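# Analysis of the macromolecular model
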Amino acid sequence: MTQVASLAGAGLAGLQQLLAPSADGTDTPVSEAPVDDQLRLLAVLTPILRTLLDTIAGSVTTSPVRATLLALLTEDIARLIGRAQIVAAGKIEDSDAHTLKEAPLAALHRIHANLTGFIEGTASLPADQCNGQGTKMLFRDATEMVRDQLHLSFSQSKQRLATRDLLLPSAGFNGVPVPPRFHRLSTVFNNGSADPAQVAQAAQRLLALQPGIDAQTCPEEAAELIEGQVAESLLTRNPIGTGNLLKSISARLDAQALERGESRMQPYLGLSFKGRQARGYIWEMCTDLAGHERLSQLADQLANPRSSFGNTKNAPSTPDTDDGGQPLLPGFPDDGPAPAAPTIPEAPTIPAWAIDPDVPEDQRPRAGFTDVGREFSVPEPTAEPVALPGESTAEARQRAKARALLQFVFDSIRYGADGDGKDASAMPLKPNVDLIVTISWDSLVGKLNDPGITARNNLVSAGYVRRLACTANIIPAVLGSKSEPLDLGRKQRFFSRAQRRAMLLRDKGCINPGCTMAAHRCEANHIKPWYLGGETNLSNGGLLCPVCHASFHAGHFRIEMVDAIPYVLQSVARDPEQRLRRNWVFHPEAESLA
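First, a word on what this report is: a plain description of the structure on this page. Since the structure is predicted, the reported quantities are computational estimates derived from the model, not experimental observations.

In this structure, Gly 275 sits in strand S3 (residues 270-277). Filtering out sequence-adjacent residues up to four positions away, Gly 275 remains in contact with Gly 280, Tyr 281 and Ile 282.

Below is the structure:
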């Protein structure tokens, strides 16, 4: 590191020598302060850096190693610039730059518009001329000056100055130094090991949590612990993981906040007609967390190409059926076919007197098109929805998903209200819609008030979970101190389904750190392969999405069980520290293990 610092110093000294005014008397030295020469160096670094980056980008064509290094180095530069923007905004505030008069500010803009003269030493900076107290200022304060001079929004300007107070030392009253508010985050911010914008956002959210921290038994220890967790998360996780951690911390600090939010929802729950538009009749639904979880699970099952739910045709066995096993691997026998799904009975043709006699028999409509509510017709599923003009493929998929969900809602209404339950063969396959909430035993019985968490990673208050546990189709999952499944409720279940449900409760999604795939899109995987003697039990199983499942079998990471909990050891390229980790997307407060 000393050699690198020496090289950097020598490079700056060489640039300084090149920028020094000539000694033949034709150029006049214009630097009135040493900082002016340093500003000249900073001004010339911009074209140097631009030229260097363009040259390297043109040379790096077929080498992935060099392309990756270029991306890493430019990210370092971007983080350095992000920190420099905060530092510079703070200096504007410290120096009362908002009191500058118009003449020096206009001269400064002329120099900035054409830096050649300043870099070459033929143009000097204007003298500091400021308005005195009680006179009309060009800017009300530093926030307004940063906004106008740097062409930012008011919120961006305010955020830069607020970030400086939280993460950088500043000058207080009479020049007394003021340390940063968050020391651990300040270290991460200054050494460039994380995105400055993410660090600044985390600092703002920590500041918002301060009332809850102050209410703890030992606020200082709680603040130090929480700040350390957030700092480590910024170094090892992406913004989703850090956001989940802060959300979990917030819920833990203020357990009543979830209940207050749930209470505020209750008066607005319902389904109401909003009017008719060219695209259809508009209804608006407002639901609570339980309804959101069920609708989301339904929508995902309807959109899942590997699920037979929603299709009344005969479907092959898939991992979503209760056939008691893993997804089939090439070369291994099946345990037997899954039971066939019920099919739609053939509807009779409409009588001849009710249709045009010129229409051929095979083209006549079915009775289900006219006898609404009695016979059910399911459109053939398509591999890819047809996009409307100007619609992207993703938007078309979302529209098809919404339509399938709407169709299921109407089918369910008809099933319950119109008596179709007498003949379920015309209905789509019954969905597996369970509302699964994980909560500690102490919170369930009222000793604590820590929130629970649903299978889709949504927080729910302990009181709400207690009410849910009294209703049908609710599976309260009570966990021990090591998060081992102890009780999966009273609901009737098959052995294989119970195992997968227990994995869902324990893992909540793909166990590979950083993967965001939810549990209903994952496969139950044997850690020690079954064909090598591995047992089919919880201590030898974990949830992996199809991509991570293939990556695991390719040897890209290892899985180790610690106290019946699966931890992942990623490759050195993914995790240089080589620590066992749980997936912080679904377990934000889980600590890594050596």
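This part is about a nonpolar patch on the surface. Taken together, the side chains of Leu 12, Val 35, Leu 39, Leu 42, Leu 45 and Ile 48 make up a nonpolar region of the molecular surface, amounting to roughly 480 Å² of accessible area. Per-element accounting of the nonpolar patch gives the leading share, 5 residues, to helix H2 (residues 34-59). Exposure remark for Leu 39: the relative accessible area of 37% places this residue in the partly exposed category.

When we look at burial in helix H8 (residues 183-191), the residues that qualify are Leu 185, Ser 186, Val 188 and Phe 189. Down the axis of H8, the buried side of the element spans an arc of 165°, and every buried residue falls inside it. Next to the buried residues of H8 lie helix H3 (64-94), helix H7 (154-167), helix H9 (196-208) and helix H11 (219-236). One or two steps after H8, the chain reaches Gly 192, where phi turns positive at roughly 70°.

Attention now goes to the environment of Ala 402. Mapping Ala 402 onto the fold places it in helix H15 (residues 393-417). Accessibility expressed as a relative area gives 46% for Ala 402, which makes it partly exposed.

A word on the pattern of salt bridges. Summed over all chains, the structure comprises 14 salt bridges. A salt bridge links Glu 560 to Arg 558; the nearest nitrogen and oxygen atoms lie 2.5 Å apart. Between Asp 575 and Arg 581 there is a salt bridge, with the nearest N and O atoms lying 3.1 Å from each other. Judged by relative accessible area, which is 6%, Asp 575 ranks as buried. Residue Arg 581 is classed as buried on the basis of its relative accessible area, which comes to 10%.

Further remarks concern the packing of helix H6 (residues 142-149) against H7. Between H6 and H7, the shortest axis-to-axis distance is 8 Å and the interhelical angle comes to 125°. Here H6 is positioned oblique relative to H7, judged by the angle of their axes. The handedness of the crossing between H6 and H7 is right-handed. Residues Ala 142, Thr 143, Val 146 and Arg 147 of H6 form the contact with H7, whose participating residues are Phe 154, Ser 157, Lys 158 and Leu 161.

Turning our attention to H7. The end-to-end C-alpha distance of H7 is 20 Å, a good match for the 20 Å that 14 residues give at a rise of 1.5 Å each. Of all the residues in H7, the buried ones are Ser 157, Arg 160, Leu 161, Thr 163, Arg 164, Leu 166 and Leu 167. Close packing links the buried residues of H7 with H3, H6, strand S1 (170-171), H8 and H9.

This paragraph deals with unusual backbone geometry. Leaving glycine out, the prevailing phi sign among residues is negative, and the prevailing peptide bond configuration is trans. The phi angle at His 151 is positive, at roughly 60°, despite the residue not being glycine. Topologically, His 151 is positioned in the loop between H6 and H7. In the Ramachandran plot, Ala 564 falls in the positive-phi region, its phi being about 65° despite a non-glycine side chain. Within the secondary structure, Ala 564 sits in the loop between strand S12 (557-562) and strand S13 (565-570).

The next point concerns the packing of aromatic side chains. Summed over all chains, the structure comprises 1 aromatic pair. Judged by centre distance (5.6 Å) and plane angle (40°), the rings of Phe 552 and Phe 557 are tilted. One exposure class covers both Phe 552 and Phe 557, and it is buried.

At a minimum axis distance of 12 Å, the contact between H2 and H3 shows a crossing angle of 160°. Judged on the interaxial angle alone, H3 and H2 are roughly antiparallel. For the pair H2 and H3, the sense of crossing is left-handed. Taken together, the residues of H3 that come into contact with H2 (itself represented by Leu 49, Leu 53, Ile 56 and Ala 57) are Leu 70, Thr 74 and Ile 77. For the contact of H2 with H3, a count of residues per class yields 6 nonpolar, 1 polar and no charged.

Looking now at the pairing of strand S10 (residues 523-526). Residues Glu 523 and Asn 525 point to one face of S10 and Ala 524 and His 526 to the other, with burial holding for every one of them. One ladder, built from 4 bridges, connects S10 with strand S11 (residues 541-544); its direction is antiparallel. Bridge assignment links Glu 523 to a residue of S11, and that residue is Leu 544.

How each quantity is defined
Residues numbered from 1 in each chain as written. Predicted model: local features only at pLDDT ≥ 70, side-chain atom pairs only at ≥ 80, totals over all residues. Heavy atoms only, no water. Helix = DSSP H or I, 4+ residues; strand = E, 2+ residues; numbered from the N terminus. Contact = heavy atoms within 4.5 Å. Patch = residues over 30% accessible without salt bridge, like charges linked within 9 Å, V, L, I, M, F, W, Y side chains within 5 Å. Areas by Shrake-Rupley, 256 points an atom, 1.4 Å probe, with all protein chains shown as cover. Salt bridge = Lys/Arg side-chain N within 4 Å of Asp/Glu carboxyl O. Buried < 20%, exposed > 50% of the residue type's maximum accessible area, 1.4 Å probe, protein only. Arc of directions from axis to C-beta. Axes fitted to C-alpha atoms, helices over the stretch in contact; angles between N-to-C directions. Parallel < 35°, antiparallel > 145°, perpendicular 65-115°, else oblique. Left-handed = near helix turned anticlockwise from the far one by under 90°. Expected span 1.5 Å × (residues − 1). Phe/Tyr/Trp six-rings, centres within 6.5 Å; stacked < 30°, edge-to-face > 60°. Nonpolar A, V, L, I, M, F, W, Y, C, P; charged D, E, K, R; others polar. Pairing = 2+ DSSP bridges.

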